[in-house]
Amino acid sequence: MESRNPLSRMIEELEQRKMFVSNIPATPAGGASTDTCKINRNPEWKVKKRALMAEKGLYRRHSTDHPLLRDFAIYLSKDLNNENYKQEVENVARVLFYMDPAQPSLQFVRDREKTKEYIRQLSEAQLTKQTQVNYLKSLKRFLHYHTVSTNLLFNDPDLHSHAKHYMEFIGALQTQLSKGVSKEVVAKRERIIRGDMKTTPHDCWAVLRAAKTDFLAVMGKIFESASTSHVQLETLERLLVLYYLEAIVVLRHLQRPGVVEHMTVEEWKNRTQVGGGHVSIAVKEHKMARQQVASFVLSPEEETWFISYFDVVRDQLRTSKRAKYNAAANKVAENPQDRYFLSSSGMPVYNCSNDIARLHQKYKVPLVTSQVARRVFETAAKALTDVDKSLVADYLTHSTATAEKHYRMKRGASLLRGSEIIRLLGAELGGDSGKDAANTSEMASNPVTAPVTANVQTDFQAVWDKFAEKHPVTLDGVVPSLLERRAASEEHKRKLYERWLKYQMKLRLRHVISHFRRRLPSDSRVAAWIASRGWKSNMPRVASVLEGWKPSSSL
């Protein structure tokens, strides 16, 4: 394998972080590509298609900093609001390199034979017909930009005419490939159905069970360090928390990956109580259905984890050195402050599915995707009553009308019940087929007492009620000791600790906010007043106080 120089390694690292790299040295005709380092970084390709692509030199591309490609990227990101524009620009850069390794240009529109040759090369590299169509789609959009949004018509009318006709040629190629795409879709659907038949709802949550011990250890580190007001986590610890919470949203609550990728801080702050300490979060914009609202319900325990992520983990991701560097270098990215889930680079999570796949790989658990999980639970719910079946379907995929009702009216009872039914399906339908059938039959035949009441959450609620009566949550109280929590419940000692601190934090936040009724206080005033209370641990953050502050007329 060809050795890489430091510049090549730096370029590769920056591009892996979804950043455009300026002033990459041009590749001489017939010479090695600046992307050779990227192609050969792993001599043992796990995916045969990638090995073939690399062998044929189809990963080699021109620098995306070239004006032709740079302006196209700005058009995609700014004018079309395409968040995943980078992949599309790189696709075009590869096509242009194949057409002319010397430099990017629009002259390739005069050589249709080479275009067909390129498509044949993609086929020989075993890329799917759909991927080939995607390459052509990117190229067609690239030409549409240059023929419509630039001065090409006035600067070079002849080239403009060739480009317009070439776009029709691309359309013809796409039509030729469409039959192959249909066959691939049918074959994929059959493979998925066969795989779904072997997967149970219980299997879908295997990774959550496998990773929970390590996840709770990090949560414990955060909780136990409350007395120091802050704890510095390792990068792997932050990523574990991030990936685990993403998996909760996608696998436990059966939401599409786009919900994770598009959930905003404002939507997190606007979560609403739906009973029993549960909260509902409504996400307006997500990749698969921009006109619908996705709603899911967090249990009290889950909400505590999400609060810890937002206050500690996300804050460290947002303020890390890498995040600050990326924020300064990535001029076309959106403000990461808007998104709830941030990656290790401090930018919004780019591919939630990849993160969840990494979690499965780390704990050596068979991969379960969002689509598989949703189909498996939909199938399991078919044995329920029509009412419960409707609630599950509603929780998974809202119709536009229902979604608007959820968003405006906060139908907490329906959301909560749907969430509980899903939880019971995942918890109970995991044994042998006979047990599964018995459990499903019992749930279907007894809709009144089914999933919502007789469950683990209700058991814990009973334990909590007795514990809170003996150890009430007070403004200045000290969290009950481990011995006291064990005396109440060995099984729930950690959850008792987390809920007690959570409720005390809410008390203290309201107390601090109520002190500043007339006008929004400064950071220093809030910090000084909190310090004057004499609290040694579980202290409200200044930022949380300012976020929750409202003028006296609103209190």
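Being a predicted model, the structure only gives us computed values, none of them experimental.

### A few points about helix α25 (residues 493-515)
Along its 23 residues, α25 runs 34 Å from first to last C-alpha, staying within 8% of the 33 Å computed at 1.5 Å per residue. By the burial criterion, the buried members of α25 are Lys 495, Leu 496, Tyr 497, Glu 498, Arg 499, Trp 500, Leu 501, Lys 502, Gln 504, Arg 508, Val 512 and Ile 513.

### Concerning the packing of aromatic side chains
Applying the stated criterion to the full structure yields 24 aromatic pairs. Ring geometry for Phe 108 and Tyr 166: centres 5.3 Å apart, planes at 85°, overall edge-to-face. Linking Phe 108 in the loop between α5 (85-99) and α6 (112-124) with Tyr 166 in helix α9 (residues 157-197), this pair joins segments that are 58 residues apart in sequence. Taking the relative accessible area as the measure of exposure, Tyr 166 reaches 0% and is therefore buried. Taken together, a centroid distance of 4.1 Å and an interplanar angle of 15° make the contact between Phe 215 and Tyr 244 stacked. Of this pair, Phe 215 sits in helix α11 (residues 206-224) while Tyr 244 sits in helix α12 (residues 235-252); the two residues are 29 residues apart in sequence, bridging distant segments of the chain. Given the relative accessible area of 3%, Tyr 244 is considered buried. The structure contains a cluster of three or more aromatic residues connected by ring pairs, namely Trp 268, Phe 306, Tyr 309, Phe 310, Tyr 340 and Phe 341. Sitting above the plane of the Tyr 363 ring, Lys 362 keeps its charged end 5.5 Å from the centroid.

### With respect to the side chain of His 471
One can find His 471 in the loop between α23 (456-470) and α24 (482-488). Those residues in contact with His 471, other than ones at most four positions away along the chain, are Pro 480, Glu 484 and Trp 500.

### Focus: the environment of Thr 474
Position of Thr 474 relative to the elements: it lies in the loop between α23 and α24. Between the alpha carbons of Thr 474 and Met 505 there is a distance of 9.8 Å; along the sequence they are 31 residues apart. Not counting the four nearest positions on each side in its chain, Thr 474 is found in contact with Trp 500, Gln 504 and Leu 507. Engagement of the side chain of Thr 474 in a polar contact is seen with the backbone nitrogen of Gly 477, the distance being 3.0 Å.

### Focus: the pattern of salt bridges
For the structure on display, the rule yields 18 salt bridges. Put simply, Lys 493 and Glu 490 hold a salt bridge, and the shortest N to O gap is 3.0 Å. For Lys 493, a relative accessible area of 23% corresponds to the partly exposed category. Through salt bridges with shared partners, a single network forms among Arg 61, Lys 86 and Glu 90.

### Details of the nonpolar core
Core analysis: the biggest nonpolar cluster contains 80 residues, and Leu 245, Leu 251, Phe 296, Phe 306, Tyr 309 and Phe 341 have the highest contact counts within it. A total of 12 residues in this core trace back to one element, the largest contributor, which is α12. When residues no more than four places from it in sequence are discounted, the contact partners of Phe 296 are Val 249, His 253, Gln 255, Val 259, Met 263, Val 279, Ser 280, Ile 281, Val 283 and Tyr 395.

### A word on the packing of α12 against helix α17 (residues 352-362)
The contact between α12 and α17 brings their axes to 9 Å, and the two run at 110°. Taken as axis vectors, α12 and α17 run roughly perpendicular relative to one another. Side by side, α12 and α17 meet where Leu 240, Tyr 243, Tyr 244, Glu 246, Ala 247, Val 250 and Leu 251 of the first sit next to Cys 352, Asp 355, Ile 356, Arg 358, Leu 359 and His 360 of the second. Of the residues assigned to the contact of α12 with α17, the class counts are nine nonpolar, one polar and three charged.

### Regarding the pairing of strand β2 (residues 278-283)
With respect to burial, β2 is a largely interior element, six of its six residues being buried. Burial along β2 is two-sided: His 278, Ser 280 and Ala 282 and Val 279, Ile 281 and Val 283, pointing in opposite directions, are all buried. As judged from the three bridges shared by strand β1 (residues 272-275) and β2, these two strands associate in the antiparallel manner. Within β2, the position partnered with Thr 272 by the bridge is Ser 280. Between β1 and the antiparallel strand that follows it, β2, lie two residues; Gly 276 among them carries a positive phi value of about 65°. Summarising the sheet, β2 and strand β3 (residues 294-298) pair through five bridges and their orientation is antiparallel. Across the sheet, the residue bridging to Val 283 is Ala 294, located in β3.

### Some thoughts on the packing of α11 against helix α15 (residues 300-319)
The description of two helices packed together rests on the angle between their axes and the distance between the axes. Where α11 contacts α15, the axes come no closer than 11 Å and their chain directions differ by 60°. Classed by the angle they form, the pair α11 and α15 counts as oblique. As for the relative orientation of α11 and α15, their crossing is left-handed in sense. Between α11 and α15, the residues in contact are Lys 212, Phe 215, Leu 216, Met 219, Ile 222 and Phe 223 and Glu 301, Thr 304, Trp 305, Ser 308, Val 312 and Val 313, respectively. Of the residues in the contact of α11 with α15, the class split is eight nonpolar, two polar and two charged.

### Some points on the sheet that holds β1
Sheet strands pair by backbone hydrogen bonding; their relative direction is either parallel or antiparallel. Taken in spatial order, the three strands of this open sheet run β1-β2-β3, and their pairing is antiparallel. The open sheet has two edge strands, β1 and β3, and neither has a second partner. The sheet shows a mean angle of 35° between the axes of neighbouring strands, taken without regard to direction.

### Quick look at unusual backbone geometry
Backbone geometry at Asn 81 places phi at a positive 55°, although glycine is not the residue there. Note on placement: Asn 81 falls in the loop between α4 (67-79) and α5. Classification of Asn 81 as exposed rests on a relative accessible area of 57%. If you check the backbone angles, Leu 254 has positive phi at about 55° while not being a glycine. When you line up the elements, Leu 254 lands in the loop between α12 and α13 (257-262).

### Remarks on the environment of Ser 343
Residue position: Ser 343 is located in the loop between α16 (321-329) and α17. Remark: the alpha-carbon pair of Ser 343 and Leu 317, spanning 26 residues in sequence, is separated by 7.0 Å. The residues contacting Ser 343, other than those within four sequence positions of it, are Leu 242, Leu 317, Pro 348 and Val 349.

Parameters at a glance
For every chain, the first residue of the written sequence is number 1, and numbering continues from 1 along that sequence. Local features in this predicted model are restricted to residues whose pLDDT is 70 or higher, and side-chain atom pairs enter the listing and the counts only when it is 80 or higher, whereas totals over whole chains, interfaces and linings include all residues. As a rule here, side-chain values come from all non-hydrogen atoms in the structure, and water together with hydrogens is ignored. A helix here means a DSSP run of H or I that spans at least four residues, while a strand means a run of E at least two residues long, and both kinds are numbered starting from the N terminus. Expected helix span is computed as 1.5 Å times (number of residues minus one). Residue exposure (1.4 Å probe, protein chains only): buried if accessible area is under 20% of the type maximum, exposed if over 50%, otherwise partly exposed. Working definition: a ring pair exists when centres of Phe, Tyr or Trp rings (six-membered ring for Trp) sit within 6.5 Å. Plane angles under 30 degrees give stacked, over 60 give edge-to-face, the rest tilted. Here, a charge over a ring means that NZ of Lys or CZ of Arg falls within 6 Å of the ring centre while also lying within 35 degrees of the ring normal. Contacts between residues were defined by any pair of non-hydrogen atoms, one from each residue, lying within 4.5 Å. The definition of a polar contact used here is a pair of N or O atoms within 3.5 Å, where within protein one atom must be able to donate a hydrogen and the other to accept one, and adjacent residues in sequence count solely through side-chain atom pairs. Counted as salt bridges are all cases of a side-chain nitrogen of Lys or Arg within 4 Å of a carboxyl oxygen of Asp or Glu. Throughout, nonpolar core names a set of buried Ala, Val, Leu, Ile, Met, Phe, Trp, Tyr and Cys residues whose side chains join them through atoms within 4.5 Å. Where helices are involved, their axes are fitted lines through C-alpha atoms of the stretch in contact, as for all axes, and angles between N-to-C directions lie from 0 to 180°. Geometric relationships in this document are graded by angle, where less than 35 degrees denotes roughly parallel, more than 145 denotes roughly antiparallel, 65 to 115 denotes roughly perpendicular, and other angles denote oblique. In this classification, the charged set is Asp, Glu, Lys and Arg, the nonpolar set is Ala, Val, Leu, Ile, Met, Phe, Trp, Tyr, Cys and Pro, and all remaining amino acids, among them Gly, are polar. For two strands to count as paired, DSSP must find a minimum of two bridges between them. Handedness of a helix crossing follows the sense of rotation of the near helix relative to the far helix, less than a right angle counterclockwise being left-handed and clockwise being right-handed.

Geometric descriptors of this kind do not, in isolation, establish any biological role.
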